[in-house]
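# Fold and contact review
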Amino acid sequence: MDVDSLDNAALEPKERAPPKKRRRVVVSCTECHRRKQKCDRELPCANCRSRNKETSCTYETGAPTARAHHEKRKSSPLYQSSDSPQTVPSAPLSSMAATWGYSQTGTSTMGFLKKIESTTSDGDDESPGLAHPTSQQENLILREKYKALVRQLPAKVYLDKLIAIYFQKFNWRYAAVDEEIFYRQLQEWNKLPFSILSSTGPHALSPDIRSFPAVLFQIIAIALLSLPESPDPVFDALKYAGNMTFEDLARDYSESGSDIGSLFGKQQLTVTNVLAQFLRAFFLKNTNCVVECWHVISVAIRDAQELGMHRDSLDPRPVDYSIEEVLRNHWLIQRRRKLYMLLVLWDVNMAVVLGRPGCINSRHGLPSAPVDTPVSPKDDTSTPVIPRISGKDPPTALTRLLWWNRLADPLRDIQDLEQEGQYPKDFSKVDRVHEQIMALEDEKPSVLRLVNPDTRWDALEAMHWLPGARNVLAQLHHFSIMALHRPYIFHRKESRTEALKASLEMLELQKRAFMMFFGSFDAIVLIASIYVVFPREHEELKHAALRNFHQTVQRFSVMQERNPMAKSAQGVLKAILAKFTKAIGNSSAPSGAETGSEATPSTSTREGTDSNTPSTFGRDTGGRSTVPSIGSLTEPSPAASNSALYPAAEWMPPADNLAGLAPLFPTSDLLFNDLTALQGGDMPPPILDGGPSANLDDLSWQFGGDFGENTMWQLLNQYQPGLV
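Looking at an unreviewed UniProt entry, the chain carries the name Zn(2)-C6 fungal-type domain-containing protein, with the source organism given as Stachybotrys chartarum. Recorded under Subcellular location (unreviewed entry), the UniProt text for the chain is reproduced unchanged: "Nucleus".

If you look at the biggest cluster of nonpolar residues, it comprises 164 residues, and the most contacted ones within it are Phe 182, Phe 278, Trp 346 and Phe 703. The biggest single contributor to this core is helix α17 (residues 323-354), with 13 residues. Non-local contacts of Trp 346, meaning those with residues more than four positions away in its chain, are made with Tyr 174, Phe 278, Ala 281, Phe 282, Lys 285, Cys 293, Ile 297 and Trp 404. Ranked by size, the runner-up nonpolar core spans seven residues in total, among them Cys 29, Cys 32, Cys 39 and Cys 57.

Next up on the list: the packing of aromatic side chains. In the structure shown here, the tally under the stated rule is 22 aromatic pairs. When the ring of Tyr 174 is compared with that of Trp 346, the centres are 5.4 Å apart and the planes differ by 65 degrees; the resulting orientation is edge-to-face. On the criterion of sequence distance, the pair formed by Tyr 174 in helix α10 (residues 171-174) and Trp 346 in helix α17 is long-range, its members being 172 residues apart. Overall, the relative accessible area of 3% leaves Trp 346 in the buried class. An aromatic cluster is present here, built from Tyr 166, Phe 167, Phe 170, Tyr 174, Phe 182, Tyr 183, Phe 212, Phe 278, Phe 282, Trp 346 and Trp 404 joined pairwise through their rings. Residue placement shows Arg 210 over the ring face of Phe 264; its charged tip is 5.1 Å from the ring centre. Taking NZ or CZ as reference, Arg 356 lies 3.8 Å from the ring centre of Phe 672, over its face.

Their axes nearest at 11 Å, the elements helix α24 (residues 542-559) and helix α26 (residues 570-584) cross at an angle of 165 degrees. Here α26 runs roughly antiparallel to α24, going by the angle between their axes. Like other packed secondary-structure pairs, α24 and α26 cross with a definite hand, here left-handed. For the pair α24 and α26, contact is made by Lys 542, Ala 545, Leu 546, Phe 549, His 550, Val 553, Phe 556 and Ser 557 and by Gln 570, Leu 573, Ile 576, Leu 577, Phe 580, Thr 581 and Ile 584, respectively. Along the lines of polarity and charge, the residues of the contact of α24 with α26 split into ten nonpolar, four polar and one charged.

Turning to its location among the elements, Asn 288 is positioned in the loop between α15 (271-286) and α16 (290-306). For Asn 288, a relative accessible area of 8% gives the class buried.

A few words now on the environment of Leu 678. Following the sequence through the fold, Leu 678 ends up in strand β1 (residues 676-678). When the C-alpha positions of Leu 678 and Gln 702 are compared, they lie 5.7 Å apart, and in sequence the two are 24 residues distant.

Tracing the backbone shows Ile 209 in helix α13 (residues 207-224). Between the C-alpha atoms of Ile 209 and Gln 185, which are 24 residues apart in sequence, the distance is 6.9 Å. Contact partners of Ile 209, with chain neighbours within four places excluded, come to Tyr 146, Gln 185, Glu 188, Trp 189 and Leu 192.

By the definition in use, this model includes 24 salt bridges. A salt bridge links Lys 338 to Asp 178; the shortest N-O distance between them is 3.1 Å. Taken as a pair, Lys 338 in helix α17 and Asp 178 in the loop between α10 and α11 (179-190) lie far apart in primary sequence, 160 residues in all. The exposure class of Asp 178 is buried, given its relative accessible area of 18%. In this structure, Asp 522 engages Arg 486 in a salt bridge whose closest nitrogen and oxygen atoms are separated by 3.1 Å. Within this pair, whereas Asp 522 is found in helix α23 (residues 519-533), its partner Arg 486 is found in the loop between α21 (466-485) and α22 (493-513), the two being separated by 36 residues in sequence. The same class applies to Asp 522 and to Arg 486, which are both buried. Here the residues in one salt-bridge network are Arg 184, Arg 335 and Asp 380, joined through shared partners.

Bringing the side chain of Asn 171 into the picture now. By the element assignment, Asn 171 lies in helix α10. Residue classification places Asn 171 among the buried positions, given a relative accessible area of 10%. A polar side-chain atom of Asn 171 sits 3.0 Å from the main-chain carbonyl oxygen of Val 177. Setting aside anything within four residues of it in sequence, one finds Asn 171 in contact with Tyr 166, Ala 176 and Val 177.

What follows concerns the confidence of the model for the chain. Scored by pLDDT, the chain comes out at a mean of 77, with 71% of its residues at no less than 70. Ignoring residues within four places in sequence, the model shows residues 120-131, a span with pLDDT below 50, making 19 contacts including any to other chains. This model gives residues 591-649 a pLDDT under 50, and the stretch forms 125 contacts once residues within four places in sequence are excluded.

Where α17 contacts helix α18 (residues 397-407), the two axes come as close as 10 Å, and the packing angle between them is 45 degrees. By the angle between their axes, α17 is oblique relative to α18. For the element pair α17 and α18, the recorded crossing hand is left-handed. On the side of α17, the interface is formed by Lys 338, Met 341, Leu 342, Leu 345, Trp 346 and Asn 349, while α18 contributes Leu 398, Leu 401, Leu 402, Trp 404 and Asn 405. A breakdown of the residues in the contact of α17 with α18 according to their chemical character gives eight nonpolar, two polar and one charged.

Another aspect to go through is the side chain of Asn 273. Note that Asn 273 resides in helix α15. Within the structure, the side chain of Asn 273 is placed 3.0 Å from the side chain of Ser 211, a separation counted as a polar contact.

To continue, consider α24. The end-to-end C-alpha distance of α24, which contains 18 residues, comes to 26 Å, matching closely the 26 Å that a straight helix rising 1.5 Å per residue would cover. Judged by how many residues are buried, α24 sits mostly within the fold: 17 of 18 residues are covered.

With that out of the way, let us pick up unusual backbone geometry. The residue after Leu 43, namely Pro 44, is reached through a cis peptide bond having omega -5 degrees. With respect to the helices, strands and loops of the structure, Pro 44 is situated in the loop between α2 (30-35) and α3 (46-50). A positive phi angle is found at Asn 243, which is not glycine, with a value near 60 degrees. Relative to the helices and strands, Asn 243 resides in the loop between α13 and α14 (246-262). The class for Asn 243 is exposed, based on a relative accessible area of 79%.

Conventions adopted
Residues numbered from 1 in each chain as written. Predicted model: local features only at pLDDT ≥ 70, side-chain atom pairs only at ≥ 80, totals over all residues. Heavy atoms only, no water. UniProt positions renumbered as here; feature names shortened; annotations may be inferred. Core = buried A, V, L, I, M, F, W, Y, C linked by side-chain atoms within 4.5 Å. Buried < 20%, exposed > 50% of the residue type's maximum accessible area, 1.4 Å probe, protein only. Helix = DSSP H or I, 4+ residues; strand = E, 2+ residues; numbered from the N terminus. Contact = heavy atoms within 4.5 Å. Phe/Tyr/Trp six-rings, centres within 6.5 Å; stacked < 30°, edge-to-face > 60°. Lys NZ or Arg CZ within 6 Å of the ring centre and 35° of its normal. Axes fitted to C-alpha atoms, helices over the stretch in contact; angles between N-to-C directions. Parallel < 35°, antiparallel > 145°, perpendicular 65-115°, else oblique. Left-handed = near helix turned anticlockwise from the far one by under 90°. Nonpolar A, V, L, I, M, F, W, Y, C, P; charged D, E, K, R; others polar. Salt bridge = Lys/Arg side-chain N within 4 Å of Asp/Glu carboxyl O. Polar contact = N/O pair within 3.5 Å; in protein donor to acceptor, adjacent residues only side chain to side chain. pLDDT = per-residue confidence, 0-100. Expected span 1.5 Å × (residues − 1).

Spelled out as structure tokens, the structure:
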């Protein structure tokens, strides 16, 4: 080795050791540092408060907390000159998504953000973004409000009896509440220690159990509606004021359930929240608060969509892929789909009845229908979802509900036709929808049809609802026909005939079940309008129309004490009866009309009370479905002469008046437009019997309200028979 090489080797620096990393002081709390979240360095910080982890919010020794920094800033002149202190968010951003109107499902920005936060939660057992009060004071207020509302629940001895009444008399109509799931949640609720509600508060409960009292309140409120107002040895103890009725008590309970549902906002909705809202709408419908019911259903629909119940692709995923979790998730999906189908059905039916737009556009697609299973499983972690075998297994309440869903298809087509007005370009569309309605009647399962039904299961105690369900489904069929042809009755004779027949059939079915049914008032007005404007048409149906008219008025008179809607319609009904009988030339009830005692029901006169007597109405001798035939109702009474069917002079409205008439929505006018009828400035007394009504020849009956100039009510105000 030469001298130069030695010199170079001596000059080469020795290998350096790796530099030491400078350890920075961790300024975040230990929880935020672990979760890799931005910390506001309060004590406790906002993230720990939002996750109810105040006790875990600690800082490393020597870490400057925001409290010390805050004190330092307060002493500075710059801070003292500031008008408002700087605020920090009290919860993760995704938890505010529902409040701001963003969806947390699907492909929205907030949906992605929530997924990111849940991914970085390091397996916490809490749901990300759980809404919690931002201070101990707010936590105390919320806890006391929740306790005060829950304290209003009746004692267990009353609660159990009212729950049994609900499942016996009401739940079959919509099958909204799964009995096994409900009793499982009730058992869990009853086992809650008082210390949780008195110390930790509702945020210590799971979201479903936290909202469960809202369902309880609505169930007992609905059950109370079935009790007679006579003294009750059991439930009178629940009344807390003199002259209080069970309906007053039911309203209080329902309001309490609604208040519980609104305590927690929209940050963490569950299927239980949506179910409570549907039951609230059910209660409002049964107490004839139809406008409020319509609004509650719209809110329930939006909340259900927030949960992703409107798309199959947004169905929940199992926690893991064990058999138990997969089966449990399958049953959860079935419950979600059934509840959303109920909301869809109520939305389209109320839209058609009230003439209001619906909240759901079926063109955007609907989720799959639920599976009609034989029974609800007692253990949803070991029972697969197996469909019921038609003809072998007895029908269920869901069987009826699924057929109602089929009957709703033509209603959506009717909504589309309404956009074309009273003069569509092609009436063949109307005829096609009519054929669709009649084809559905032919396809109706034998166990649900009204004539020659399959009655193998009628004697079973659990099938007590089946005969009444047949009557209701038959009415829905006739209502579809009436709603289809209603816009065209003044411009098309075929539509007048079909609408008149369907209205009479519907009134006849309601007489057998003594039901209010919101189509009754519409049918009465439609029948009267046809005969006032076209008095010489359908003479073979005039006696049937007059008889059904009087019988319906009698039912409304009996109902008015417990049915505000029937009571408010009394004046309008009497005015319509005056003009109707004047138009057909017979102001007395026909000999076949019921007497007042015969019209008195033996059961509750609330909306939806059904008769268990099967009927053979609306079919031909071969048992095939036909266009509804009035049958024996069309035959004139032997005591009546043909000359009595026509007024002395016929009144015909000007043709231009008919051309511009708006479609008839009588129930909507009664609810939204303050429809009234006055005679000489005084409200008339109710009609209590089927005999002649006083002052029917007086032409001073006038309709009032917020309706427009182009309505049937204005035309009826101009009705002047005998002047032509």
